[in-house]
Amino acid sequence: MQGNMMLQPLLISNLIEHAARYHGDTAIISKNTDGTITTTDWTHVAENSKRFANALASLGTAHGDRIATIAWNNHRHLESWYAISGSGMICHTINPRLFPEQLVFIINDAQDKVVLFDKTFLPLISAVKAHTPTVEHFICLGAFDQDVATALPEVKFYDALIAENSAEFDWPNFDENTASSLCYTSGTTGNPKGALYSHRSTILHTYAICLPDSLNLSANHVMLPVVPMFHVNAWGTPYAAAMVGCTFVLPGPGLDGASLVQMIDQYKVNIALGVPTIWQGLLAAAKQLGSSLDSLNRNVVGGSACPPAMMKAFRDLYHCETIHAWGMTEMSPLGTSNQLKAKHQQLSSEEQLKIRLSQGRPPFGVDIRITDEENGTHEVARDGHTTGNLQVKGHWIIESYYRKSNSATTADGWFDTGDIASVNEDGYLLLSDRAKDLIKSGGEWISSVELENIAMSHPNIAMAAVIAATHPKWDERPIVIAIKQQGAEVTEEDVLNYYSDKIAKWQIPDKVIFVDAIPLTGTGKMLKKDLREQYGSVLLES
Ligand code: AMP
C-alpha cells in the first residue's frame, strides 16, 4: 500500500518562491564588481529571476541547455542561478582562476549555449571566445558598459534584459531528478571532470546543511559566503539562504581580509564561510584594523584542513566558534561538519578543541567508511586510529561524471574520495591527507597535514606547505615551504627545533624553505603539485 501524501517534485524554483513569499523583505546585500553596494531583498531577487528566465527564453534557450556563469558572488549572479535552474536549464558555474585552455575545455565539454560574466572577466572571455563554438550569447552581468561593448560587440547586458522583460513567469514543473547545475572538479591532475547535480540532490543537500549539527541556519542569521559561487555552488549557501530566509551578504570581488572585515562589521554578519587561506587574511586584517569582529559568532572552515592555531585565534581573540567541515565537488559538497555531542559538553575547552579539529560527522543523508584499499570494499575498524581510503555514499553524492558512461563508484556502490582518513567510535572523521600528498619515508607514511599544522602554530609563520622531496636513502622526506608573518624574523633552525617536542624524531622535516608566496589552486588550496615540481629535488642537490 502506498502513502496518501501529495507527491511534489523537489525543485529549486520552490526555494526562491518560498523566500519571496515568507521572507520577501529580508535583505540581500551585494558588492558589485565596481565596488558599489546594492541592497535588495528576496522579493526583488525572485522577481528578477523571473524576468531573466523570460529573457533566456526569448534568446532561444530550452530545457536542458547549459548556461555558464563566470562571476563573483553578487545579486545578479544569484538571480541568474534561480532563473536558469528554475526554468529547467543547467547552471554551469565556471572558476575564472582556471587557465584559458582549461576554460575552453570546460565550456566545450559542457557545450554551453550562453555565458554570463562579470566585467572583471572580460579579458578571459575575449581570450576564449574564438574557441567556444557552442556559445550563442554572451551576457555581461551589469548595466551597459562601453568597454565591454567595444571588446565584444555582440554582447548583451543583464540590466537591460531585466528592464525589458516581464516578471510574470510560471516556473515549469518537471521531474525532480532533472539536472540543475554543473560544477567541474579543480582538475589539479588531468582534465577537469563535471559533477552534475539534480534538483532532488540539491534540495536534500540544502535541508542537510541547514540542520543544527551542520551550519545551524535560520531566518535570524546574516550569512556571508566568502567561498565563491563557482566553488561547489558556494557550498550550497545560495540555496540554504533562500530555504531559511536569512539575510545574505555577497562580497563580490572583495575577498581580501580588509574588505571582509569591513563587510562583517558593517552588515553585522554572524556566520561566514570560506577556505583557510581566506581566514588567514581576515585574521591579519582584523588585527591590523583593530576590529573585534563583534557580530561574527561562527565561521565555517572547509576545503582544506583547519589549522589548530586558526581555530584557537577565532575562539580566544574573537569569541567566534569555528565549524570545521569537509566535503568535495563530487558531494555537493557537504560530507561532514563538526559539532559536539551532548556527552562532549562536560569536557574542558582544550579537550573540546581537540574534537572540533577533526572534520566532524556526517548529517543524515551521507554515510562514510574507511577501506583498506583504494576503491576496495573491505571496511576497517572505526576506532579513531586505523587509517585508510575514505569512501562515501548518499543522496547528494556522484554516481558518474558528466557525459561519462562508466560508474564512478566501487563494486558495492560507494564513491572513493581519494582522501586518507580514520573514523572514531562516535563517527567523527579525521583526515590525514590526500592520498597523493602523503609522504613515504623509508616505507613509513608521514602526514603532511600534521606537519603543516605544527609549522602554522609557530607564532612567526603565516602559512606553510609540507611536501615530499625525493631522498637518496629514504625515497621521500618531508620539507617545509613557509611564509613568514609580516615583519617577523625566524630561521630554518627555529622551525626545525619547534618540531622537536611535538612529533617523533624521524618525522621532523629535513628542510625549511622560506618563500614570499605559495601558489594556490583556483579554490584557494595550496598547489602542492607545483611545489613538488619546484622543490621536489632539493634534497638531491645538497
Ligand atoms: P574540492 O572538490 O575542490 O572541494 O576538493 C575536495 C577535497 O578538498 C577533499 O577531497 C579533501 O581532500 C579536501 N578538503 C575539503 N575539506 C577539507 C577539510 N576540512 N580538511 C581537509 N581537507 C579537506
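In the nomenclature of an unreviewed UniProt entry, the protein is known as Long-chain-fatty-acid--CoA ligase of Acinetobacter sichuanensis. The UniProt entry for the protein carries the following text under Sequence similarities (unreviewed entry): "Belongs to the ATP-dependent AMP-binding enzyme family."

Visitor: Can you help me understand the pairing of strand β24 (residues 511–514) in this one?
Guide: A regular strand places its side chains so that they alternate between the two faces of the sheet. The pairing of strand β23 (residues 475–484) with β24 spans four bridges and is parallel. Bridging from a neighbouring strand, Ile-481 pairs with Ile-513 of β24. For the handedness criterion, the β-α-β arrangement of β23, helix α15 (residues 492–499) and β24 is classed as right-handed.

Visitor: I tried to follow the site of the ligand on my own but got confused; where do I start?
Guide: The environment of the ligand is made up of 16 residues, and the closest members are Ala-325, Thr-329, Asp-419, Arg-434 and Lys-525. Contact between the ligand and Arg-434: an oxygen atom at 2.8 Å from a side-chain N or O atom of the residue. Relative to its unbound accessible area of 500 Å², the ligand is 90% covered by the protein chains. The element contributing the most residues to the shell around the ligand is strand β14 (residues 321–327), with four residues. Each residue belonging to the shell around the ligand can be placed in one class, and the counts come to five nonpolar, eight polar and three charged.

Visitor: I would appreciate a short explanation of the packing of aromatic side chains in the present structure.
Guide: The description of two aromatic rings rests on the distance between their centres and on the angle between their planes. Using the criterion set out here, one finds nine aromatic pairs in the structure. A ring pair is formed by Phe-314 and Tyr-318, whose centres lie 6.5 Å apart and whose planes are at 55 degrees; its orientation type is tilted. With Phe-314 and Tyr-318 both in helix α12 (residues 308–318) and four residues apart, the pair spans about one turn of that helix. We classify Phe-314 as buried; its relative accessible area is 0%. Clustering of aromatic rings is evident, with ring pairs tying together Trp-81, Tyr-82 and Tyr-239. Above the plane of the ring of Phe-514 lies Lys-484, whose end atom (NZ or CZ) is 4.7 Å from the centre.

Visitor: What am I meant to see in the UniProt feature "domain: AMP-binding enzyme C-terminal" (unreviewed entry) in the protein here?
Guide: As recorded in UniProt, the feature "domain: AMP-binding enzyme C-terminal" (unreviewed entry) lies at residues 450–525. In residues 450–525, helix accounts for 21% and strand for 33%; the two terminal C-alpha atoms are 16 Å from one another.

Visitor: Please clarify how the nonpolar core should be interpreted in this entry.
Guide: Among soluble globular proteins, nonpolar side chains are generally buried collectively. Trp-42, Phe-52, Leu-78, Phe-117 and Trp-279 are the most contacted members of the largest nonpolar core, which totals 141 residues. Per-element tally for this core: the top contributor is helix α2 (residues 42–58), with seven residues. Each of domain 1 (17–199) and domain 2 (308–436) accounts for three or more of the residues forming this core. When neighbours within four sequence positions are excluded, Phe-52 is seen to be in contact with Ser-80, Ala-83, Leu-116, Ile-139, Tyr-158, Leu-161 and Ile-162.

Visitor: What should I look at first to understand the sheet that holds strand β1 (residues 27–31) in this one?
Guide: Strand-to-strand pairing in sheets goes through backbone hydrogen bonds, with the strands running parallel or antiparallel. If you walk across this open sheet you meet the eight strands as β2-β1-β11-β10-β12-β13-β14-β15, and the pairing is mixed. The two strands at the open ends of the sheet, each matched to only one other strand, are β2 (37–41) and β15 (334–337). Strand-to-strand twist across the sheet, computed as the mean angle between neighbouring axes with direction ignored, equals 20 degrees. Relative to strand β11 (residues 247–250), β1 runs parallel, the two sharing three bridges. Paired with Ser-30 across the strands is Leu-250, a residue of β11. Across the sheet, α2 touches β1 and β2, and the angle it forms with β2 is around 90 degrees.

Visitor: I'm lost on the domain arrangement of the protein in this one. Help?
Guide: By a widely used convention, the size of an interface equals the accessible area lost when the partners come together. As assigned here, the protein comprises domain 1 (17–199), domain 2 (308–436) and domain 3 (438–540). Put simply, the middle of domain 1 and the middle of domain 3, counted by C-alpha atoms, are 40 Å apart.

Visitor: Please clarify how the pairing of β23 should be interpreted in this entry.
Guide: Of all 10 residues in β23, seven are buried; the element is thus mostly enclosed. Sheet topology note: the strand β22 (residues 461–471)/β23 ladder contains 10 bridges and is antiparallel. Across the sheet, residue Ala-468 finds its bridge partner in β23, namely Pro-478. The turn linking β22 back onto β23 is made up of three residues.

Visitor: What exactly am I supposed to notice about helix α3 (residues 75–86) here?
Guide: For α3, with 12 residues, the first-to-last C-alpha span of 16 Å sits near the 16 Å given by 1.5 Å per residue. Where burial is concerned, most of α3 is hidden: 12 out of the 12 residues are buried. Looking at α3, one finds that the buried residues are His-75, Arg-76, His-77, Leu-78, Glu-79, Ser-80, Trp-81, Tyr-82, Ala-83, Ile-84, Ser-85 and Gly-86. Among the residues of α3, the N-terminal cap falls to Asn-74, whose side-chain oxygen and the backbone nitrogen of Arg-76 are separated by 3.3 Å. Gly-88 sits one or two positions beyond α3 and adopts a positive phi of about 90 degrees.

Visitor: Help me understand unusual backbone geometry in this model?
Guide: In terms of backbone geometry, most residues other than glycine have negative phi values and most peptide bonds are trans. The linkage connecting Ser-332 with the following residue, Pro-333, adopts the cis geometry, with an omega of 10 degrees. Mapped onto the elements of the fold, Pro-333 is located in the loop between β14 and β15. The backbone of Trp-235 sits at a positive phi, close to 55 degrees, despite the residue not being glycine. Mapped onto the fold, Trp-235 is located in the loop between β10 (222–225) and α9 (237–244).

Visitor: Teacher, can you tell me more about the pattern of salt bridges here?
Guide: Pairing of side chains with opposite charge becomes possible as their charged atoms draw close. By the definition in use, this model includes 21 salt bridges. The closest approach of N and O atoms between Glu-176 and Arg-200, which form a salt bridge, is 3.4 Å. Residue Glu-176 is found in the loop between α7 (158–164) and β8 (179–184), and its partner Arg-200 is found in helix α8 (residues 199–210); the two are separated by 24 residues along the sequence. Using a relative accessible area of 17% as the deciding quantity, one classes Glu-176 as buried.

Visitor: Please clarify how helix α14 (residues 448–457) should be interpreted in this entry.
Guide: Every α-helix carries 3.6 residues per turn, so stepping three or four residues along brings you back to the same face. In terms of burial, α14 is a largely internal element, eight of the 10 residues being buried. Buried within α14 we find Ser-448, Val-449, Leu-451, Glu-452, Asn-453, Ile-454, Ala-455 and Met-456. Looking at where α14 begins, the residue whose side-chain oxygen comes 3.3 Å from the main-chain nitrogen of Val-449 is Ser-447.

Visitor: I'm lost on the environment of Asp-383 in this one. Help?
Guide: Inspection of the secondary structure puts Asp-383 in the loop between β16 (366–371) and β17 (388–394). Along the primary structure Asp-383 and Ile-503 are separated by 120 residues, whereas in three dimensions their C-alpha atoms are 21 Å apart. Each residue touching Asp-383, except ones within four places of it in the same chain, is listed here: Val-423, Asn-424 and Glu-425. Among the polar contacts made by the side chain of Asp-383, one reaches the main-chain amide nitrogen of His-385 at a distance of 2.8 Å.

Scoring rules and cut-offs
- Residues numbered from 1 in each chain as written.
- Predicted model: local features only at pLDDT ≥ 70, side-chain atom pairs only at ≥ 80, totals over all residues.
- Heavy atoms only, no water.
- UniProt positions renumbered as here; feature names shortened; annotations may be inferred.
- Pairing = 2+ DSSP bridges.
- Helix = DSSP H or I, 4+ residues; strand = E, 2+ residues; numbered from the N terminus.
- Right-handed = clockwise from strand over helix to strand, strands pointing away.
- Near = heavy atom within 4 Å.
- Polar contact = N/O pair within 3.5 Å; in protein donor to acceptor, adjacent residues only side chain to side chain.
- Areas by Shrake-Rupley, 256 points an atom, 1.4 Å probe, with all protein chains shown as cover.
- Nonpolar A, V, L, I, M, F, W, Y, C, P; charged D, E, K, R; others polar.
- Phe/Tyr/Trp six-rings, centres within 6.5 Å; stacked < 30°, edge-to-face > 60°.
- Buried < 20%, exposed > 50% of the residue type's maximum accessible area, 1.4 Å probe, protein only.
- Lys NZ or Arg CZ within 6 Å of the ring centre and 35° of its normal.
- Core = buried A, V, L, I, M, F, W, Y, C linked by side-chain atoms within 4.5 Å.
- Domains from an automatic or database assignment.
- Contact = heavy atoms within 4.5 Å.
- Axes fitted to C-alpha atoms, helices over the stretch in contact; angles between N-to-C directions.
- Expected span 1.5 Å × (residues − 1).
- Salt bridge = Lys/Arg side-chain N within 4 Å of Asp/Glu carboxyl O.

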